[in-house]
Structure formats: structure tokens, C-alpha cells
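Next come the chains, spelled out residue by residue.
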Number of protein chains: 2
Amino acid sequence: MVTKRYPTSVEVARLAGVSQSAVSRTFTPGASVSARTRDKVLAAAETLGFQPSLIPRIMLTDRSGLVALVVGGLENAFYARVVQSFAARLREAGNQIVLVPVDSDYTLDAVAARLAQYRVDAIVSALAVLSQDAAETLSASRIPVVSFNTPVTAARVGSVGSDNALGGRQAAALLHDRGVRHPAFIAGPADSPASAERLAGFRDGLRAAGLPEPRVAGSAYTYEGGAEAAMRIRADAPVDGVFCANDLCALGAIDALRRVGRRVPDEVRVIGYDDIPAAGWGGYDLTSFDQDVPALVEAALAMIARMSGPESALGERVLIPPRLIERGSTRA
Amino acid sequence: MVTKRYPTSVEVARLAGVSQSAVSRTFTPGASVSARTRDKVLAAAETLGFQPSLIPRIMLTDRSGLVALVVGGLENAFYARVVQSFAARLREAGNQIVLVPVDSDYTLDAVAARLAQYRVDAIVSALAVLSQDAAETLSASRIPVVSFNTPVTAARVGSVGSDNALGGRQAAALLHDRGVRHPAFIAGPADSPASAERLAGFRDGLRAAGLPEPRVAGSAYTYEGGAEAAMRIRADAPVDGVFCANDLCALGAIDALRRVGRRVPDEVRVIGYDDIPAAGWGGYDLTSFDQDVPALVEAALAMIARMSGPESALGERVLIPPRLIERGSTRA
DNA sequence: TTGAAAGCGATACCAA
DNA sequence: TTGGTATCGCTTTCAA
């Protein structure tokens, strides 16, 4: 025999000697119930351990109060912070987070369908890379989608991101100011739009400062990737300033450079992106860009609210200016 | 006017010219439908963009397929890994994760009620500290609860954790072996059971090795906390070996010690716990304990399965032996 | 203020 | 293989 798990409003009503409707009203803020009835109901509910189910309400309203957060790579502290920030704001709004960690785009199709079946109210993709195909799959679910740091064009899909080009330009200006003559860029995955935008801005800034084209090496947005890329760049040419697509890469690069005897920042200046906690740690003291996660999250939620209305905002994009956090890794 | 968000099986049935039951069967694996009917249904479903709702099924079965994961401090890479590991296994089982980041115990009461209303199938608490009160709140929800790294006693609440005492003993043995004479322990928060157990084991091990009682300083399981604690210990006495309650503390301690000119590992050996990625980074090369997250997760899921049955396992506890990962911070 | 009754959108059983 | 119908636990009219 299957154990009955939850008491229902009917059982509470029976115990309290009132109608089921009375129970429902007691748990509906602002409904009209007499104090006497309410007390009886609450007493009965207490005895039975009754918690009104939210499920029927979802059925009635098609709104679940669930917001899906699709993430890859929580090991990057930046995304951990994004999740925390979302969580805090969504909780204030009474929503729950459905976390969907994803390894690659491949699993995203199945995920989108599943989320639709749960009637989630919105999907936030915090994937470093979101393919156009995947975006369209999500778009087809008719659920408002906001993509973090990946501009995509599809109906009911908006995007919010750091102003990467601006950050890139600032990085170039700072390195120039610190006397760098031979700049390099350690990129993220080839298909990462954020990395591409940071590089584009970096190039613009270098050009404006009269500096040469940067050496470029790709990595994987990871510590190890940054270390390898730094070695490839170094074998290539004399480099005295490196802008990295994110902090994890930058930390790997710093360690790799030091391992082969290059001094940071004395011989090579390094800049990262994200301002993760480790950037401030003793041995690194990494100059970086704070993406302003709270502002990003705020913008994402506002966009979702707009898209949840009858008319669907299409392809909207919001950029948040990053804040340069200067530390020791760019000392002149 | 409210926009209708999702097409229903009735609408699909009408369009396909079949009964609603036929639609349901088409989407029920292993149900008997003729190929002809199924094709008509699928075509209609495709046109309308129909995805069968999971909500009615939850109502019928009281099983949502939702598992709640309560976490504090995702900024600790260890918990990020725990979440990823859970996610992977739960997805295989067809479950979704409801992520509940929590700042303190205080919010946990509201959280438990909310989760009960969503009819989540289980709750996993990966909080570093779970008070007895909070455990009882969760227990009262009648939902199976598994607590990570925090032994608690309450009905339907089990716990899974690293064998912290064993780790502590191994840490003592290793330090002794490396010639340490003046040991210290940097603890987590005063109410953290994991920290207390690691310390207890460490004390046992030191005693067995004929070493003196360790100096002890509390911290907050953070980088900054570890740095401060290291300074307090140092002001106190000559210390040449430090076992830290977790890696984050250990990294902070290493940086703080080096800042004041102590050489690690030459003058002071350091051991952490968790084996987070940063432990392997160049400047640190921190010896640590791998808690074996996959095994912990496996054990937690098995426990949940047992508790979901009719009879509720009470206060069960499973310990997983940690693996010592020796690196440069404990070179003799 | 209260109770009765009609849905919400699926599943599952029953006859046909 | 099919279609009709009861059912899950609520919220929401509608009368009383």
C-alpha cells in the first residue's frame, strides 16, 4: 500500500467541521473568513500538518513560480556569484530556482522540453556559449528567455551582458599607460561571443593608443587553459602585457609565466575579467573587471518581466558597463 | 486579456480528430496506439507546439520529480562541485533540482514550508551548519531529508559525510612524519560539526604520535578567515605545521604566513580539506583531502531512496573515507 | 460569511 | 485499439 503523504484541505475541513472552501479561504490572503472559522481551520491544519499544495494553482494559472537557471561551469566563481545573486532577488519575488547544469549544447534540447513541461515562468541561460540552434529551441518553448553574456536573436529571447568592448578598450588604455609595448590577448573558446567582444574592444583600444596588434592565443576559460595559452604566446614573441578573457585564465597565465621565470607585474602586466574572489588573493593581486553582477541580474529580471507581458520583446539587448578594479598585477 | 500560454491535449485531440485519451496515450511510453492515430496526434501536437504538462501528474501521484538542494556559500568551490555532481546524477534519474541558497538558518523555516508546498520529493541540505531546530523543521515537512556533513538526529533525516575524524588523524600522522613539532589547527565556525570532528581526529592523531596539543584558532571557512586565524596563531607561539578545516582557510593562511615572511612549506607545513581546484594552483600546491564527492552523492541518493519507502529510516549516518592528496605544502 | 459545485489538464480504468 | 469518465487538490464563481 502506498503511504498517503500529504493531508488535504478536505481532511482539514472535516476535522474543523467546516467546508473545504473555508479552508481554502483561510489560506488565501485577503479572503473573507470569520475569525472563528479561521481559528478552527488553523487548529485543524496544525494537527494534521497541512500545507496547501501549490500544484493545483499552477494548473489553474499556468504560472509555476519556477524560474530555470541554466548554467555550465559552476566551478568558475563568477557563475557561482551569478547564481547567488539571482537566488536572492528571485526569493524576494517569491520564486523558486530550478537549476539546470549543462555540459554542452547537446543536452539543451531535452532540457528545454522538460522545463516547458514543468511550466517554468522563465529561463535564464548563463552559459558562456549558447548556440543559435539552442536559442531557437528555447525560443520555441514560448517561455521568456534571457541569455547572459551571449547575444542571440530569436523571439522571446533577450540578452543581458557586460559591455565587453568597453572593458577591452579600458584594458588597452591601462596597459598602454603602464608602458606596455607588446600586448597579447588570451581568449576563451573560439565560439564565445564575450571573448570575441573583449578582444575587439582590446584591438580598438590598442589601435587608438598606437600599439601593435596583440598576439592572440585561445584557451578554455579555465586555469589550465590560461596556463597553456600563456606558454604558447611566450614561445611566440616578447610580450609585456596580457589581457585575459577571464580571471581563471589570467590566474593560470600568471602562474605559468612565473614558473618559467617571468616576473609579474615587473616584466609582464596581466589583466583579467570577472573579478572573482581569487583575483584578490595574495600571490595574484590581479587587476580585473567587475561585471556588476547585481546590475546584470536586475536587468535580466526586468527584461523577463517585460517579455512575460502579452507582446514579446524581440532580441532586446542590455549592456552593463564593467568597473575596472586595479590591483598589483598592472603596476608600472 | 490574459494570453493563453500552453495548448492542451484537448485542443490537440480536436485538431487531430481523435479523443483526448488518444493524445495522452501517444505521449505515454508503452501505451497502445495505432500508428495511424499516433501520427495524426503528433502532427497536431507539432502544429500547436504541444508539450504535455507534468503538473496534473504531480497532483495525482504526489511525486513532483523535484529534489531540493539547500546550499550556503556556493563561492566555496567544494559546494559548487557537490551541486554539479548531484545535478548529473539526478538528471539521469529524470529529476529536476530546485536550488535553495540560504544565508542563515533563519530563512530555513520559510524555505521548508515552501518546498513542502511544491511537493518536492526530497531535500538535500549541503549547509556547513544545520541547527537541530532547522533539522526538525525540515523533518516536520515529512519529506526525506539528507544532510551533508552535518550529523543531525530527527525522523526522516539522514546524514552523509566525509570521515572527518579519519582525515584529522591522517593529517596529524603526515605532519608528524614531516618533522612538525608545534602543530596548530585553524577551525571553521564554532558550530560546524565537520570542523569539530576534524579537530577531534587531529588531536587523536597528534596524541598517538606523541606531539603536543595543537594551538587552535577559529575562522569562518573563508580565505579571509584563514588569513586572520593564521596571524592569531603566529602571534601566539612558534608553529611549524597547520591543519586547516578547509582549503579556503588554508589558502588564506598560506598567503598570510608568506606576507609576514614565513616560508611555506620550509618553515611551516600546511594541510587543507576539500581538495578544491585552487589547491593545485602554482603558488599554493596545497596538500588536502578529497572528500570523494561522487561517493558522497551516491550515498545520499541511496539514502533518500531508502527513506522514500514506507518505513522511514531514522538518523542513519554514512561516512565516506577521504583521500589524502599530498602536494608541496607538506614537503619536509 | 459560508457552502456547493464547476473547472484546471493530465492519467487510468472501463466498456465498446 | 479506442473513447468516455472518474479523479487528483485546489481556486473561484454563485447562491444562500
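Refer to the structure above for everything that follows.
Residues numbered from 1 in each chain as written. Chains lettered and ligands numbered in written order. Predicted model: local features only at pLDDT ≥ 70, side-chain atom pairs only at ≥ 80, totals over all residues. Heavy atoms only, no water.

**Side note on the protein's contact with DNA strand D**
Stated formally: To be near a molecule or strand, a residue needs just one of its heavy atoms within 4 Å of it. Under this definition, polar contacts are N or O atom pairs within 3.5 Å; protein pairs additionally need one hydrogen-donor-capable and one acceptor-capable atom, and for neighbouring residues in sequence, both atoms have to be side-chain atoms. Under the scheme used here, helices are H or I runs from DSSP no shorter than 4 residues and strands are E runs no shorter than 2 residues, and both carry numbers assigned from the N terminus.
Taken together, the neighbourhood of DNA strand D is formed by 22 residues, with A:Ser9, A:Ser24, B:Arg25, B:Ser34 and B:Thr37 sitting nearest. At 3.0 Å, a side-chain N or O of B:Ser19 approaches a phosphate oxygen of DNA strand D. Within the contact set of DNA strand D, a base oxygen lies 2.9 Å away from a side-chain nitrogen or oxygen of B:Ser21. Counting only elements with at least two residues in the surface near DNA strand D, the list comes to α2 (20-26) and α4 (55-61) of chain A together with α2 (20-26) and α4 (55-61) of chain B.

**So, unusual backbone geometry**
Residue and element names in this part refer to chain A. In this chain, Val 264 is followed by Pro 265 through a cis amide linkage whose omega measures 10 degrees. One can find Pro 265 in the loop between α11 (247-259) and β9 (269-271). The backbone of Arg 119 sits at a positive phi, close to 60 degrees, despite the residue not being glycine. With respect to the element layout, Arg 119 can be found in the loop between α6 (108-117) and β3 (122-126). Although it is not a glycine, Asp 292 sits at a positive phi angle of roughly 65 degrees.

**A look at the relation of the copies chain B and chain A**
Inclusion rule: A residue counts toward the fit only if its pLDDT is at least 70 in both copies, and the copies are then superposed by least squares on the C-alpha atoms of those residues.
Of the two same-sequence chains, chain B is brought onto chain A (RMSD 0.1 Å, axial shift 0.0 Å) by a rotation of 180 degrees. Here the transformation between the copies is reduced to the relation of a two-fold axis. No C-alpha of chain B approaches the rotation axis more nearly than that of B:Val98, which lies at 2.3 Å.

**Looking at the interface of chain B and chain A**
Selection criterion: Contacts are assigned to residue pairs with any non-hydrogen atoms lying within 4.5 Å of each other. A quick way to say it: buried area is the sum, across both parts, of accessible area lost when two parts are put together, with a 1.4 Å probe. The working definition used for a salt bridge is a side-chain nitrogen of Lys or Arg within 4 Å of a carboxyl oxygen of Asp or Glu. In this count, Pro and Cys sit with the nonpolar residues alongside Ala, Val, Leu, Ile, Met, Phe, Trp and Tyr, while Asp, Glu, Lys and Arg are called charged and the others, Gly among them, polar. Any two strands between which DSSP finds at least two bridges are classified as paired.
Tallying the contact residues gives 59 residues for chain B and 59 residues for chain A. Broken down residue by residue, the surface that chain B buries against chain A is led by B:Tyr6, B:Tyr118 and B:Trp281, which jointly contribute 14%. Put simply, chain B and chain A have zero salt bridges between them. Viewed at the interface, chain A and chain B are joined by 20 residue pairs in polar contact (both at pLDDT 80 or more). The set of elements that each furnish at least two residues to the side of chain B that touches chain A consists of α4, α5 (77-92), β2 (96-101), α6 (108-117) and α11 (247-259) of chain B. For the side of chain B that touches chain A, the per-class residue count stands at 33 nonpolar, 15 polar and 11 charged. Bridging between strand β2 (residues 96-101) of chain A and β2(B) involves three bridges; their strand directions are antiparallel. Residue A:Leu99 lies in a different strand from β2(B), and its bridge partner there is B:Ile97.

**Some thoughts on the protein's contact with DNA strand C**
A:Arg25, A:Ser34, A:Thr37, B:Ser9 and B:Ser24 are the nearest of the 24 residues found near DNA strand C. For DNA strand C, the fraction of atoms within 4 Å of the protein that belong to sugar or phosphate moieties is 54%. The side chain of A:Ser19 places a nitrogen or oxygen atom 3.0 Å from a phosphate oxygen of DNA strand C. With respect to DNA strand C, the backbone of B:Ser53 contributes an N or O atom lying 3.4 Å from a sugar or linking oxygen. Put simply, the parts of the chain that give the surface near DNA strand C at least two residues each are α2 and α4 of chain A together with α2 and α4 of chain B. Looking at side-chain class alone, the surface near DNA strand C contains 10 nonpolar, 11 polar and three charged residues.

**Things to note about α5(B)**
Residue and element names in this part refer to chain B. To keep it simple, the criterion reads: The length a helix should cover is 1.5 Å for every residue beyond the first. Only protein chains enter the accessibility calculation, which uses a 1.4 Å probe; a residue is then buried when its area is under 20% of its type maximum, exposed when over 50%, and partly exposed in between.
An ideal rise of 1.5 Å per residue puts 22 Å on 16 residues; α5 measures up with 23 Å between its terminal C-alpha atoms. Buried within α5 we find Ala 77, Phe 78, Tyr 79, Ala 80, Val 82, Val 83, Ser 85, Phe 86, Ala 87 and Leu 90. Where α5 terminates, the next one or two residues include Gly 94, which has phi positive at roughly 80 degrees.

**Some points on helix α9 (residues 193-209) of chain B**
Residue and element names in this part refer to chain B. Between the first and last C-alpha of α9 there are 24 Å, a value that for 17 residues agrees with the 24 Å anticipated at 1.5 Å per step. All of the buried residues in α9 are Pro 193, Ala 194, Ser 195, Glu 197, Arg 198, Leu 199, Gly 201, Phe 202, Gly 205 and Leu 206. Lining the buried residues of α9 we find α8 (164-177), β6 (183-186), β7 (215-217), β8 (241-244) and β11 (317-320).

**A look at the sheet that holds β3(A)**
Sheets are built from strands paired through backbone hydrogen bonds, the pairs being either parallel or antiparallel. Convention followed: Every axis corresponds to a line fitted to the C-alpha atoms, with the helix fit spanning only the stretch in contact, and the corresponding angles, defined between N-to-C directions, vary from 0 to 180 degrees.
Pairing is mixed in the open sheet, where 12 strands are placed in the order β11(A)-β5(A)-β4(A)-β3(A)-β1(A)-β2(A)-β2(B)-β1(B)-β3(B)-β4(B)-β5(B)-β11(B). Each end of this open sheet is capped by a strand with a single partner; those strands are β11 (317-320) of chain A together with β11 of chain B. Looking at each pair of strands side by side, their axes are set apart by 20 degrees on average, direction ignored. As paired strands, strand β4 (residues 145-148) of chain A and strand β5 (residues 157-162) of chain A are joined by four bridges and run parallel to one another. Paired with A:Val145 across the bridge in β5(A) is A:Val157. Strands in contact with α6(A) are β1 (66-71), β2 and β3 of chain A together with β2 of chain B; relative to β2(A), the strand with the most contacts, it is inclined by about 160 degrees.

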